[in-house]
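Take a look at the letters that make up each chain.
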Amino acid sequence: MNRLVVLASGSGSNLQALLDASATGALDAAVVAVISERADAGALRRATAAGIPAISLPLRARNDTTARRTYDARLARVVAAFDPDLIVLAGWMLLLSDAFLDRFPERIVNVHPALLPDDGGPLVATSRGVVPALRGAHAARDALRLGLPVTGATVHLVTLACDAGPVLARAEAPILAGDDETRLHDRIKAIEHRLLPAAIGRLLRERRALGGAGGLDALAIGGVER
Ligand code: GRF
């Protein structure tokens, strides 16, 4: 059984989607630990309810570079202790250092609440034309502010460039009249809950077919739904 370690800062609805997909057998993987930098994260409560180790690793000095480096080294040690096949960032709000990424090459997956392009660039093609790729922590708010006709969700491998690694799956969400940030983000999340387990399942199957880690070039990444 493939082992997933989930890093999550928020309510944990994407974690729940993974737990549910694992429980029904739709996803051939088990969440073996959930780690959060926020002691009060809903994700930790969901992990506890599911009988999975829920680890709170609080980060106190967010802007102190040395403290951040020490934190990432500690985080890497805790993650490595669970021997994960994949690390899933499911609403994880901290940027990870290059040392952390180097320790788990091509094994970190992120879900992002906007459409991101295959080329890591500033624009993404949609069924409603080309729109800006919205990166960062407020993608649903930014989609409304810019008056975009459509947004969506993307699952991608994590690289040093923020929200720009190779795309594993992407799906659109319409923006409707009367949407506010919460309503739009909830619609995007409903899509993420389907997309994230599906993308992880496919990545793990492709890796197994390749007989192990398999280089990125060999993976059929970029499967896109529109
Ligand atoms: C999701 O929209 C995810 O894309 C973003 O943070 C949100 C986390 O939501 N990175 P939840 O905690 O899984 O409900």
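The structure we're discussing is the one just above.
Since this is a predicted model, take the numbers as computed values, not measurements.

**Considerations on the overall build of the protein chain**
- Broken down by element type, the protein chain carries 6 helices and 10 strands.
- Compactness check: the protein chain gives a C-alpha radius of gyration of 17 Å against a globular reference of 17 Å for 226 residues, within 12% of the reference.
- Burial analysis of the protein chain (226 residues in total) assigns 48% to the buried set.
- Counting contacts in the protein chain only where the partners sit at least 6 residues apart, residues at least 24 apart contribute 62% of the total.
- On the protein chain, roughly 10400 Å² of surface is accessible, and the fraction owed to carbon and sulfur atoms is 53%.

**Overview of the site of the ligand**
- In the vicinity of the ligand, the contacting residues are Gly10, Ser11, Gly12, Ser13, Asn14, Gly91, Val111, His112, Pro113, His185, Lys189 and Glu192.
- Contacts to the ligand include proline 113, whose backbone N or O atom sits 3.5 Å from an oxygen atom.
- Here an oxygen atom of the ligand sits 2.6 Å away from a polar atom, N or O, in the side chain of histidine 185.
- Breaking the shell around the ligand down by element, the ones donating at least two residues are helix 1 (13–24), strand 5 (108–112) and helix 6 (181–209).
- Here the residues of the shell around the ligand are counted per class, giving 2 nonpolar, 8 polar and 2 charged.

**A look at the nonpolar core**
- Core analysis: the biggest nonpolar cluster contains 47 residues, and Leu4, Val6, Val31, Val34, Val109 and Ile200 have the highest contact counts within it.
- Considering each element in turn, this core owes the most residues, 9 residues, to helix 6.
- Those residues in contact with leucine 4 that sit more than four places away from it in its chain are Leu27, Ala29, Ala30, Val31, Val32, Ala33, Leu86, Val88, Ile200 and Leu204.
- Formed by 22 residues, the second largest nonpolar core is a distinct cluster that contains Val5, Ala33, Leu75 and Ile87.

**Digging into the packing of helix 1 against helix 2 (residues 42–49)**
- For the pair helix 1 and helix 2, the least separation of the axes is 9 Å and the interaxial angle reads 25 degrees. With respect to each other, helix 1 and helix 2 are oriented roughly parallel. Of helix 2, the residues touching helix 1 (which contributes Ser13, Leu15, Gln16 and Leu19) are Ala43, Arg46 and Ala47.
- Tallied by class, the residues present in the contact of helix 1 with helix 2 amount to 4 nonpolar, 2 polar and 1 charged.

**Some points on a positive patch on the surface**
- A cluster of like positive charges, contributed by Arg60, Arg74, Arg77 and Arg103, occupies part of the molecular surface.
- Within the secondary structure, arginine 77 sits in helix 3 (residues 65–81).

**Side note on the environment of isoleucine 55**
- Checked against the element boundaries, isoleucine 55 lands in strand 3 (residues 54–56).
- For the pair isoleucine 55 and aspartate 118, spaced 63 residues apart in sequence, the C-alpha to C-alpha distance is 33 Å.
- In this structure, isoleucine 55 is in contact with Ala33, Val34, Ile35, Ser36, Leu44, Val78 and Phe82, ignoring residues within four places of it in sequence.

**Examining helix 1**
- Counted at 1.5 Å a residue, the expected span for helix 1 with its 12 residues is 16 Å, and the 16 Å between its end C-alpha atoms agrees.
- All of the buried residues along helix 1 are Ser13, Asn14, Leu15, Ala17, Leu18, Leu19 and Ala21.
- Downstream of helix 1 by one or two residues, glycine 25 has phi in the positive range, about 90 degrees.

**Remarks on the environment of arginine 62**
- Along the polypeptide, arginine 62 turns up in the loop between strand 3 and helix 3.
- Arginine 62 sits in the partly exposed class, given a relative accessible area of 39%.
- Separated by 32 residues in sequence, arginine 62 and leucine 94 place their C-alpha atoms 9.0 Å apart.

**Concerning the packing of aromatic side chains**
- What the rule picks out here adds up to 1 aromatic pair.
- Relative to phenylalanine 104, the ring of phenylalanine 100 has its centre 5.1 Å away and its plane inclined at 50 degrees; by these criteria the two rings are tilted.
- Among the residues examined, phenylalanine 100 registers a relative accessible area of 1% and is labelled buried.

Rules used in this analysis
- Residues numbered from 1 in each chain as written.
- Predicted model: local features only at pLDDT ≥ 70, side-chain atom pairs only at ≥ 80, totals over all residues.
- Heavy atoms only, no water.
- Helix = DSSP H or I, 4+ residues; strand = E, 2+ residues; numbered from the N terminus.
- Rg over C-alpha atoms; globule rule 2.2 N^0.38 Å.
- Buried < 20%, exposed > 50% of the residue type's maximum accessible area, 1.4 Å probe, protein only.
- Contact = heavy atoms within 4.5 Å.
- Areas by Shrake-Rupley, 256 points an atom, 1.4 Å probe, with all protein chains shown as cover.
- Near = heavy atom within 4 Å.
- Polar contact = N/O pair within 3.5 Å; in protein donor to acceptor, adjacent residues only side chain to side chain.
- Nonpolar A, V, L, I, M, F, W, Y, C, P; charged D, E, K, R; others polar.
- Core = buried A, V, L, I, M, F, W, Y, C linked by side-chain atoms within 4.5 Å.
- Axes fitted to C-alpha atoms, helices over the stretch in contact; angles between N-to-C directions.
- Parallel < 35°, antiparallel > 145°, perpendicular 65-115°, else oblique.
- Patch = residues over 30% accessible without salt bridge, like charges linked within 9 Å, V, L, I, M, F, W, Y side chains within 5 Å.
- Salt bridge = Lys/Arg side-chain N within 4 Å of Asp/Glu carboxyl O.
- Lys, Arg positive; Asp, Glu negative; His and termini not counted.
- Charge placed at Lys NZ, Arg CZ, Asp CG, Glu CD.
- Expected span 1.5 Å × (residues − 1).
- Phe/Tyr/Trp six-rings, centres within 6.5 Å; stacked < 30°, edge-to-face > 60°.

Functional significance is not addressed by these values, which are geometric in nature.
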